[in-house]
Amino acid sequence: MKTRSLALTAIFAAITVVFAQISIPLPFTPIPLSLCVAGSYLAGSILPTRYAVYSQLIYILLGIIGLPVFGGFSGGIGHIAGPTGGYIAAYPLMALLVSLVSSRFQKKTPAAFGLGMLAALAVCYLFGSMWYSVVGNITLAQAFLGAVIPFIPMDLVKIVLLSVFAAALHKALKKAGFPPVAAIS
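Note that the structure is a prediction, hence the values are computed from the model and not measured.

Draft legend 1. Just the UniProt feature "transmembrane region" (unreviewed entry) in the chain, in detail. Using the residue numbers shown here, the UniProt feature "transmembrane region" (unreviewed entry) corresponds to residues 30–47, 59–81, 87–105, 112–132 and 144–169. The straight-line gap between the two end C-alpha atoms of residues 59–81 is 16 Å; of that span, 48% is helix and 0% is strand. In residues 144–169, the share of helix is 85% and the share of strand is 0%. The end C-alpha atoms are 33 Å apart.

Draft legend 2. Main features of a nonpolar patch on the surface. A cluster of nonpolar side chains, M154, V157, V160, L161 and V164, forms an exposed patch at the surface whose accessible area comes to about 450 Å². Turning to its location among the elements, V164 is positioned in helix 8 (residues 152–175).

Draft legend 3. Main features of helix 7 (residues 140–147). Along helix 7, the positions that sit buried rather than exposed are A143, G146 and A147. Around the axis of helix 7, the buried residues are gathered within 80° of arc, so they sit on the same side. As for helix 7, its buried residues are in contact with strand 2 (29–34), helix 5 (85–103) and helix 6 (110–136).

Draft legend 4. The arrangement of the pattern of salt bridges in detail. Scanning all chains against the criterion turns up one salt bridge. For K158, the salt bridge goes to D155, with nearest N and O atoms at 2.9 Å. Here D155 and K158 lie together in helix 8, a separation of three residues that amounts to about one turn. D155 carries the same exposure label as K158, and that label is buried.

Draft legend 5. Inspection of the side chain of S55 at higher detail. Secondary-structure assignment places S55 in helix 3 (residues 49–64). Leave out the neighbours within four places in its chain, and S55 touches T9, F12, A13, A43 and L47.

Draft legend 6. Fine view of the environment of A14. With respect to the helices and strands, the residue A14 is situated in helix 1 (residues 3–20). A C-alpha to C-alpha distance of 8.7 Å links A14 and V69, two positions 55 residues apart in sequence.

Draft legend 7. Quick peek at the packing of helix 2 (residues 37–46) against helix 3. For the pair helix 2 and helix 3, interaxial distance at closest approach is 8 Å and the crossing angle is 155°. Regarding the angle of helix 2 to helix 3, the classification is roughly antiparallel. As for how helix 2 packs across helix 3, the hand of that crossing is right-handed. Contact with helix 2, carried on its side by G39, S40, A43 and G44, involves A52, S55 and Q56 of helix 3 and no other residues of that element.

Draft legend 8. Spotlight on the nonpolar core. By size, the foremost hydrophobic cluster in this structure holds 44 residues, and its most contacted members are Y41, L47, Y59, I88, Y91, M94 and M117. Among the secondary structure elements, those contributing two or more residues to this core are helix 1, helix 2, helix 3, helix 5, helix 6, helix 7 and helix 8. Element by element, the count of residues in this core is highest for helix 6, at eight residues. Look past the residues within four positions of M94 in its chain and what remains in contact with it is V37, S40, Y41, A120 and C124.

Draft legend 9. Inspection of unusual backbone geometry at higher detail. The backbone phi angle of F73 is positive, close to 50°, even though this residue is not glycine. By the secondary structure assignment, F73 is in the loop between helix 3 and helix 4 (77–81). Accessibility expressed as a relative area gives 60% for F73, which makes it exposed. With a phi angle near 55°, N137 is a residue other than glycine that sits in the positive phi range. On the basis of relative accessibility, which here comes to 72%, the residue N137 falls in the exposed class.

Cut-off values and rules
Residues numbered from 1 in each chain as written. Predicted model: local features only at pLDDT ≥ 70, side-chain atom pairs only at ≥ 80, totals over all residues. Heavy atoms only, no water. UniProt positions renumbered as here; feature names shortened; annotations may be inferred. Helix = DSSP H or I, 4+ residues; strand = E, 2+ residues; numbered from the N terminus. Patch = residues over 30% accessible without salt bridge, like charges linked within 9 Å, V, L, I, M, F, W, Y side chains within 5 Å. Areas by Shrake-Rupley, 256 points an atom, 1.4 Å probe, with all protein chains shown as cover. Salt bridge = Lys/Arg side-chain N within 4 Å of Asp/Glu carboxyl O. Buried < 20%, exposed > 50% of the residue type's maximum accessible area, 1.4 Å probe, protein only. Arc of directions from axis to C-beta. Contact = heavy atoms within 4.5 Å. Axes fitted to C-alpha atoms, helices over the stretch in contact; angles between N-to-C directions. Parallel < 35°, antiparallel > 145°, perpendicular 65-115°, else oblique. Left-handed = near helix turned anticlockwise from the far one by under 90°. Core = buried A, V, L, I, M, F, W, Y, C linked by side-chain atoms within 4.5 Å.

Here it is as structure tokens:
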């Protein structure tokens, strides 16, 4: 692994840690409103595919070993076993999907990144609600109503803003001669 790729992978793992701390607990569900998915979206938008996945795996592994990287500066395997574990487990696949979908477009536009982010969000919702259903001992429909439906409007706003940001960041990095960005690797 090249030094630059290793450094970028670590930076995007750290970006995910920072975004994870920006969360708002909600009174009707144990799932907080969080910006953590932004780390997965941006890693998939900017890094080569495998490094985007690595960055999210590193984030998860750091949390599992007990470092306070998850929301509320928490860590440990218990966090993965809790109601938000399915969402967290989806992060590497989310980064993969953003990278794969957006790489299919010649031009790296907000629409290209947005489509990848929408695909990633669907996977996040699927993993998260299935896990929440198991952990909460509730039906999948109840999990979907409590852990997906309330989050859709804000998640769509995040995708719009992050896809515009990702396109601008991609362009700036490319102009600065900082390849490879969002290349299959």
